[in-house]
Amino acid sequence: MEFIPVVDFDVYKLGTSDVADKNLQELGKEIRKAFTEVGFVYLKNTGIDQKEVDRVMDISKKFFLLPEEQKKPFSRGSYANNGNHGWVSSETESLNPRRPGDLKEAFNTTSLHPDIKWPSDGCDGFRDIKVDFFLHCKELSLRVLRVMALSLDLDSEVFLKAHCHLGSDNNGTTLRSLYYAPVKTESVKIDQIRCGEHSDYGSITLVFQSQQEGLQVLNRKGEFISAPSIPGTVLINIADMMQRWTSDVFVSAVHRVLLPPVGDSSARQSLVFFVQPDDDAIITCCDGSNKYPPVKSLEYLLSRFNDTYGRK
Ligand SMILES: O=C(O)CCC(=O)C(=O)O
Ligand SMILES: [Fe+2]
């Protein structure tokens, strides 16, 4: 496939409850085709509107533009109850370990625990805006996971059963805001880009992008195709654990974010919702085959984090 298909999710958008089986089946067919052929799909009419996405981007940007000393207290690794929650500074991660650190900053919302300390000075409303958006993304993700199961003629709950704790500290699902600062060409290292080639780790990922281009997806022919922002849609991709789960029926495609063209000094932003099965879920091939050995969700995730943050 040379492009990523756009599928209309209207019949099962957030807020609908009485969807006919026939409609779900139709939807399933289209989603299945996209996830087997390219691993990515754009969904339109999901019930998450562009205004809400813009609000989350705006509050995130306010935080990212604060001076470093104000962001440091919220660093990833400083939260006792959750090792993944918090701020990650630029060039800390290499999603492709063969490249220098990615030119991006991130804030991970992984814990919704009431005791979590949130940024608020200079970015009023940060917590509420993030938490509301997290919960909307959660609802949409559960709907998509249900359609995916149906599309494979499986029990509709087969994936949902392993996402019961989504939004609690026994599940690693993360809403990540990314900020790709304007690039100063003269200080870019050799082979450095905004986000190195990688595939995601969990079950599925929801992506919302600002207008700036750069996201590319590797198709089955081995060519990178661009995945531009389409306002009002959400881009959804299969991640590695889902590929294992479906014995490679759904493909977790490699993707990356390139530098902007020389002379383009705009910042880029995205919101990425990484859906993760519950920590103690055991992921076993759903076709009954043993193409991949069973793996515990949390162990798999931790091994992938070690690669990203440079295990020595
Ligand atoms: O920023 C983007 O558009 C995508 C980033 C991404 O693929 C990731 O963080 O896993
Ligand atoms: Fe990704």
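Residues numbered from 1 in each chain as written. Chains lettered and ligands numbered in written order. Predicted model: local features only at pLDDT ≥ 70, side-chain atom pairs only at ≥ 80, totals over all residues. Heavy atoms only, no water.

As annotated in an unreviewed UniProt entry, the chain carries the name Fe2OG dioxygenase domain-containing protein and comes from Hemibagrus wyckioides.

**Considering the site of ligand 1**
The line we're drawing: For this purpose, a residue is taken to be near a molecule or strand whenever a single non-hydrogen atom of the residue falls within 4 Å of it. Nitrogen and oxygen atoms within 3.5 Å of one another constitute a polar contact, given that in protein one can donate a hydrogen and the other can accept it, and given that sequence-neighbouring residues count only through two side-chain atoms. All accessible-area figures derive from a Shrake-Rupley calculation using a 1.4 Å probe, and residue coverage is judged against the displayed protein chains alone. To qualify as a helix, a DSSP run of H or I must reach at least 4 residues; to qualify as a strand, a run of E must reach at least 2; elements of each kind are numbered from the N terminus. Gly falls in the polar group here, along with every residue not listed as nonpolar (Ala, Val, Leu, Ile, Met, Phe, Trp, Tyr, Cys, Pro) or charged (Asp, Glu, Lys, Arg).
Around ligand 1 sit Leu-178, Tyr-180, His-198, Asp-200, Val-207, Leu-215, His-255, Val-257, Arg-268, Ser-270 and Phe-274, and those are all the residues in its vicinity. Between ligand 1 and His-198, the relevant distance is 2.9 Å, taken from an oxygen atom to a side-chain nitrogen or oxygen of the residue. Asp-200 places a polar side-chain atom, nitrogen or oxygen, 3.2 Å from an oxygen atom of ligand 1. Within the complex, the protein chains bury 98% of what would otherwise be the 290 Å² of accessible surface of ligand 1. Counting residues per element, the ones that place at least two in the shell around ligand 1 are β5 (174-180), β11 (255-257) and β12 (268-274). Per element, the largest residue contribution to the shell around ligand 1 is three residues, and it comes from β12. Taken together, the residues that form the shell around ligand 1 break down as six nonpolar, three polar and two charged.

**A few points about the UniProt feature "domain: Fe2OG dioxygenase" (unreviewed entry) in the chain**
Stated precisely, the cut-off is as follows: UniProt positions are given in the numbering used here, feature names are shortened, and annotations may be inferred rather than shown by experiment.
Following the UniProt record, one finds the feature "domain: Fe2OG dioxygenase" (unreviewed entry) at residues 171-277. For residues 171-277, the end-to-end C-alpha separation is 6 Å, with 6% helix and 37% strand making up the annotated structure.

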